[in-house]
Amino acid sequence: MEIGFLGLGIMGKAMSINLLRHGFKVTVWNRTLSKCDELVEHGASVGETPAAVVKKCKYTIAMLSDPAAALAVVFDKDGVLEQINGKGYIDMSTVDAETSIKISEAIKAKGGDFLEAPVSGSKKPAEDGQLVILAAGDKAFYDEALPAFDVLGKKSFFLGEVGNGAKMKLVVNMVMGSMMNAFSEGLTLAERSGLNPSTLLDVLDLGAISNGMFKLKGPTMLKNSYAPAFPLKHQQKDMRLALALGDENAVPMPVAAAANEAFKKARSLGLGDLDFSAVHETLK
Ligand SMILES: NC(=O)C1=CN([C@@H]2O[C@H](COP(=O)(O)OP(=O)(O)OC[C@H]3O[C@@H](n4cnc5c(N)ncnc54)[C@H](OP(=O)(O)O)[C@@H]3O)[C@@H](O)[C@H]2O)C=CC1
Ligand SMILES: O=CC(=O)O
């Protein structure tokens, strides 16, 4: 089956290569078109515009940086909306519910099907097809897209109406961003108070707060190494959107607000394109 793929950043590249490896025909598009070349080497075709990709494919997946990018690719000239009649569109970018609902309504009004399906899991899970997919929208379309979700992820959740996938993803990343800051403070406190931070990693790993993120990021943070798997600028975007969701629902979130300030500080220091664990540098 021919699937379209829009957005070949860290995640989109890994996900589309994975689909190709599993026998899907994939037509790709990226704003910086030269990034499609590597995908062609893996067997993909290239569409010149989002509209051209949608026209060619039964359904099209998008993996874009933020709400502004997600909206531009759908609503701009040569965008998704122009060819969506009778086709399906799955936005897997992390955006807020409002953005997702706006895209959904426009696509449905033009006779297309829509799913939002943000994912939990980073570069490596994307390469290994081990993402956690948080889908919501048209259930019949979800069932149709399951073969692709089964390749991309280890588990898919169907969460009901559009907006619920976006909200779930923001809640998860709000927790993750807050944890990263507590972890970073712990590493720094251990070091400054004369402890061996590597021993702290072992102690944490044996106790009740052991988790995959500490295990994965701890050793690289101790080496001040922040090659981007999940760019810090995207984590800060997720904190900002999660705080807005808290605002809407009158949920006090002082911990998340403090974490957001730390990510903003990291961005102001020019660390936005590094991994989100580079927030550690703000304590130095
Ligand atoms: N990296 C991760 O670990 C994870 C990321 N996510 C989420 O997935 C999404 C993608 O993340 P990731 O791949 O890391 O991000 P990248 O920054 O690596 O890639 C972003 C993509 O969006 C495109 N883009 C940006 N602005 C526009 C625009 N105005 N119009 C069209 N295309 C645009 C970029 O195109 P160009 O190449 O031209 O710049 C690129 O293809 C984000 O929403 C992120 O929060 C979710 C889970 C994990
Ligand atoms: O959104 C990032 C992730 O690791 O999940």
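Everything numeric in this text was worked out from a predicted model, so none of it was measured.

Criteria and thresholds
Residues numbered from 1 in each chain as written. Chains lettered and ligands numbered in written order. Predicted model: local features only at pLDDT ≥ 70, side-chain atom pairs only at ≥ 80, totals over all residues. Heavy atoms only, no water. Near = heavy atom within 4 Å. Polar contact = N/O pair within 3.5 Å; in protein donor to acceptor, adjacent residues only side chain to side chain. Areas by Shrake-Rupley, 256 points an atom, 1.4 Å probe, with all protein chains shown as cover. Helix = DSSP H or I, 4+ residues; strand = E, 2+ residues; numbered from the N terminus. Nonpolar A, V, L, I, M, F, W, Y, C, P; charged D, E, K, R; others polar. Domains from an automatic or database assignment. Contact = heavy atoms within 4.5 Å. Buried area = accessible area lost by both parts, 1.4 Å probe. Salt bridge = Lys/Arg side-chain N within 4 Å of Asp/Glu carboxyl O.

## Digging into the site of ligand 1
Moving on, step 1. In the neighbourhood of ligand 1, 25 residues make up the surrounding shell, with N30, T32, K35, S122 and K237 lying closest.
Moving on, step 2. At 2.5 Å from an oxygen atom of ligand 1 is found a side-chain nitrogen or oxygen belonging to S122.
Moving on, step 3. A229 places a main-chain nitrogen or oxygen 2.8 Å from a nitrogen atom of ligand 1.
Moving on, step 4. Computed on the free molecule, ligand 1 has an accessible area of 900 Å², of which 88% lies beneath the protein chains in the complex.
Moving on, step 5. Among the elements of the structure, α1 (10–21), α4 (67–75) and α11 (232–248) are those that each provide at least two residues to the shell around ligand 1.
Moving on, step 6. Its residues placed into classes, the shell around ligand 1 shows twelve nonpolar, nine polar and four charged.
Moving on, step 7. Both domain 1 (2–161) and domain 2 (167–283) contribute no fewer than three residues apiece to the shell around ligand 1.

## Some remarks on the domain arrangement of the chain
Often, the extent of an interface is quoted as the loss of accessible area upon association of its parts.
Moving on, step 1. Per the domain assignment, the segments making up the chain are domain 1 (2–161) and domain 2 (167–283).
Moving on, step 2. Taken together, the contact between domain 1 and domain 2 spans 15 residues of the former and 13 residues of the latter.
Moving on, step 3. With both chains or domains summed, domain 1 and domain 2 bury close to 1,100 Å², and 70% of this area falls on carbon and sulfur atoms.
Moving on, step 4. On inspection of domain 1 and its partner domain 2, the count reaches zero salt bridges.
Moving on, step 5. Of the residues contributing to the side of domain 1 that touches domain 2, the split by class is eight nonpolar, four polar and three charged.

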